[in-house]
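# Structural characterization, general
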Amino acid sequence: MRRSVVKNSLKAAVLLCALLLPALLWGLGERPVHKIQEVRIAETAREMFASGDWLVPRYNGELRLQKPPLPYWLTAVSYRLAGVDATATRLPAVLFAFFSALLFWNTLSRAGGIAFAANGILVLIVSYIGLRYFRSGEADAVLLFFVSCACLLGFSLRDGHGGAQRRSLFALALGLGFLSKGPAALAIPLLALVASAWIDRLAGHRPPATRSVFANYLGIPGLVLLFCAAFGWYAWILWKMPDAAQHFLGRQVDETFVSGTHAKPLWWYLAHWFEFFA
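Scope of this entry: the structure provided in the associated data block.

This next bit is on the overall build of the protein chain. Across its full length, the protein chain carries 13 helices and two strands. Partitioning the intrachain contacts of the protein chain with sequence separation of at least 6 by distance along the chain shows that 68% fall at a separation of at least 24. With an accessible surface of roughly 15600 Å², the protein chain has 69% of that area assigned to carbon and sulfur atoms.

With that out of the way, let us pick up the pattern of salt bridges. Counted according to the given criterion, the structure contains seven salt bridges. Between Arg58 and Asp53 there is a salt bridge, with the nearest N and O atoms lying 3.4 Å from each other. When the shortest N-O distance is used, the salt bridge between Glu138 and Arg132 registers 2.7 Å. Judged by relative accessible area, which is 8%, Glu138 ranks as buried. Ionic contacts of the salt-bridge type, sharing partners, join the residues Lys35, Arg132 and Glu138 into one network.

Phi is positive for Asn60, close to 55°, though the residue is something other than glycine. With respect to the helices and strands, the residue Asn60 is situated in the loop between strand 1 (58-59) and strand 2 (62-63). Since its relative accessible area comes to 56%, Asn60 is described here as exposed.

Counted by the stated rule, this structure contains zero disulfides. Just so you know, Cys149 is unpaired, no disulfide at all, and the nearest cysteine sulfur is the one on Cys151, 9.6 Å from it. Since its relative accessible area comes to 14%, Cys151 is described here as buried.

Between its first and last C-alpha, helix 2 (residues 36-51) extends 22 Å over 16 residues, near the 22 Å set by a 1.5 Å rise per residue. Within the span of helix 2, buried status applies to Glu38, Arg40, Ile41, Ala42, Glu43, Thr44, Ala45, Glu47 and Met48. Residue Gly52 follows helix 2 closely and has a positive phi angle near 80°.

Side chains of nonpolar character tend, in soluble globular proteins, to be buried together. One finds Phe170, Leu226, Trp233 and Ile237 to be the most contacted residues of the largest nonpolar core, which totals 40 residues. Every element with two or more residues in this core is listed here: helix 2, helix 3 (70-82), helix 4 (86-112), helix 7 (140-158), helix 8 (164-181), helix 9 (184-203) and helix 11 (219-240). Residue contributions to this core peak at seven residues, all from helix 7. Ala13, Ala101, Trp105 and Ala117 belong to the second largest nonpolar core, which has 19 residues in total.

For any two helices packed against each other, one specifies the inter-axial angle together with the distance between the axes. Relative to each other, helix 8 and helix 11 sit at 15°, their axes nearing to 7 Å. With respect to helix 11, the axis of helix 8 lies roughly parallel. Read as a crossing pair, helix 8 and helix 11 show a hand that is right-handed. Here helix 8 contributes Ser168, Ala171, Leu172, Leu174, Gly175, Leu176, Phe178 and Leu179 to the contact with helix 11, which in turn contributes Gly222, Leu225, Leu226, Ala229, Ala230, Phe231, Trp233 and Tyr234. Per-class residue counts for the contact of helix 8 with helix 11 are 13 nonpolar, three polar and no charged.

This next bit is on the packing of aromatic side chains. A complete count under the given rule lists nine aromatic pairs for this structure. Here Phe96 and Phe146 contribute two aromatic rings whose centre-to-centre distance is 5.9 Å and whose plane-to-plane angle is 50°, an arrangement assigned as tilted. Taken together, the residues span a long stretch of sequence, with Phe96 in helix 4 and Phe146 in helix 7 at a distance of 50 residues. Each member of the pair Phe96 and Phe146 is classed as buried. Between the aromatic rings of Phe145 and Phe146, the centroid separation amounts to 5.2 Å while the plane-to-plane angle is 70°, which identifies the pairing as edge-to-face. The residue whose ring lies beneath Arg64 is Tyr59, and the NZ or CZ to ring-centre distance is 5.9 Å.

The topology assignment puts Ser100 in helix 4. For Ser100, the residues in contact, after removing those within four places along its chain, are Leu124, Ala141, Leu144 and Phe145.

With that settled, the discussion passes to the packing of helix 8 against helix 9. Closest axis-to-axis distance for the helix 8/helix 9 pair is 7 Å, and the angle between their directions is 140°. Between helix 8 and helix 9, the crossing angle belongs to the class labelled oblique. On the side of helix 8, the interface is formed by Phe170, Leu174, Gly177 and Phe178, while helix 9 contributes Ala185, Leu186, Pro189, Leu190 and Leu193.

How each quantity is defined
Think of each chain on its own: its residues are numbered from 1, step by step along the sequence as written. In view of the model being predicted, local features appear only for residues whose pLDDT reaches at least 70, and side-chain atom pairs are presented and counted only at 80 or more, with totals across whole chains, interfaces and linings using the full set of residues. For the side-chain quantities, the full set of heavy atoms in the structure was used; hydrogens and water were omitted. Only runs of H or I of at least four residues qualify as helices and only runs of E of at least two qualify as strands under DSSP, and these elements are numbered from the N terminus. In what follows, a contact means two residues having at least one pair of non-hydrogen atoms within 4.5 Å. Residue burial considers only the protein chains on display, and all accessible areas are found by Shrake-Rupley using a 1.4 Å probe. Salt bridges are defined by distance alone: a side-chain nitrogen of Lys or Arg within 4 Å of a carboxyl oxygen of Asp or Glu. Only protein chains enter the accessibility calculation, which uses a 1.4 Å probe; a residue whose area is less than 20% of its type maximum is buried, one above 50% is exposed, and one in between is partly exposed. Any cysteine sulfur atom paired with another within 2.5 Å is treated as part of a disulfide. Here the expected length of a helix is defined as 1.5 Å per residue gap, with one fewer gap than residues. Among buried residues, the Ala, Val, Leu, Ile, Met, Phe, Trp, Tyr and Cys ones that are joined through side-chain atoms within 4.5 Å form a nonpolar core. All axes are obtained by fitting lines to C-alpha atoms, using only the stretch in contact for helices, and the reported angles, taken between N-to-C directions, cover 0 to 180 degrees. Geometric relationships in this document are graded by angle, where less than 35 degrees denotes roughly parallel, more than 145 denotes roughly antiparallel, 65 to 115 denotes roughly perpendicular, and other angles denote oblique. If you view the pair so one helix is near and one far, a crossing is left-handed when the near helix is turned anticlockwise from the far one by less than a right angle, and right-handed when it is turned clockwise. The nonpolar class holds Ala, Val, Leu, Ile, Met, Phe, Trp, Tyr, Cys and Pro. Asp, Glu, Lys and Arg form the charged class, and all remaining residues, Gly among them, are polar. Side-chain rings of Phe, Tyr and Trp (the six-membered ring for Trp) are treated as a pair once their centres are within 6.5 Å; stacked means planes under 30 degrees apart, edge-to-face means over 60, and tilted covers the remaining angles. Counting as a charge over the ring demands two things of the Lys NZ or Arg CZ atom: a distance within 6 Å of the ring centre and an angle within 35 degrees of the ring normal.

Laid out in structure tokens, this is it:
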């Protein structure tokens, strides 16, 4: 019986891949790259690929440290493998959307079976986040994958499953998520874990606490791994380019909150915090 279930699940996963990848890839390069978020990643990655300097991102020749470098690296690798065009610009988002689908398939099929998992993947792909970001050369599909990994691993650790290896994967997911789009990758999983703990407390659920919170989720090795993954590149930049600190902080704050494309009134941030957290 168990072998039959595994065989059916494998067949369904293969069918999922056969349907999902062509749907994500079809006509990927037909739309021009014109959204400012896409343009910034595409041009920074193109200059990185053309110059051969993969450590110091530049946009129109200017130092660009406002955003973490992982999307630039992924897009530059895509350019090296597939050439510089709109399809290659969006290919990392497609691949990480596919990885997210496989991640959810593995989790949901274990929890509720094949039909449950298939419906969950369908909801993911046709959701606002899926339609908006899974075929766009932006950082959000990458962020979603690492946030999802961190949340699933964190819930597993909360329930007492897994040891040092799972704590290391949790730390790595947090760190690479930060390297893809900054603090949201830390805030969302940690807030989700805090919220779930609060709900458990209200419901009267008290899982046995055999370890401290820090030891249960990270530990010293996990904390080191998190800091290396999330902040190692920033430490290297500040060591090699000490004057970049003022440039980075000043440009980031200005672009996000004052004069840049993200500058919005306070109510806008509150509404979108709920939207993206949901």
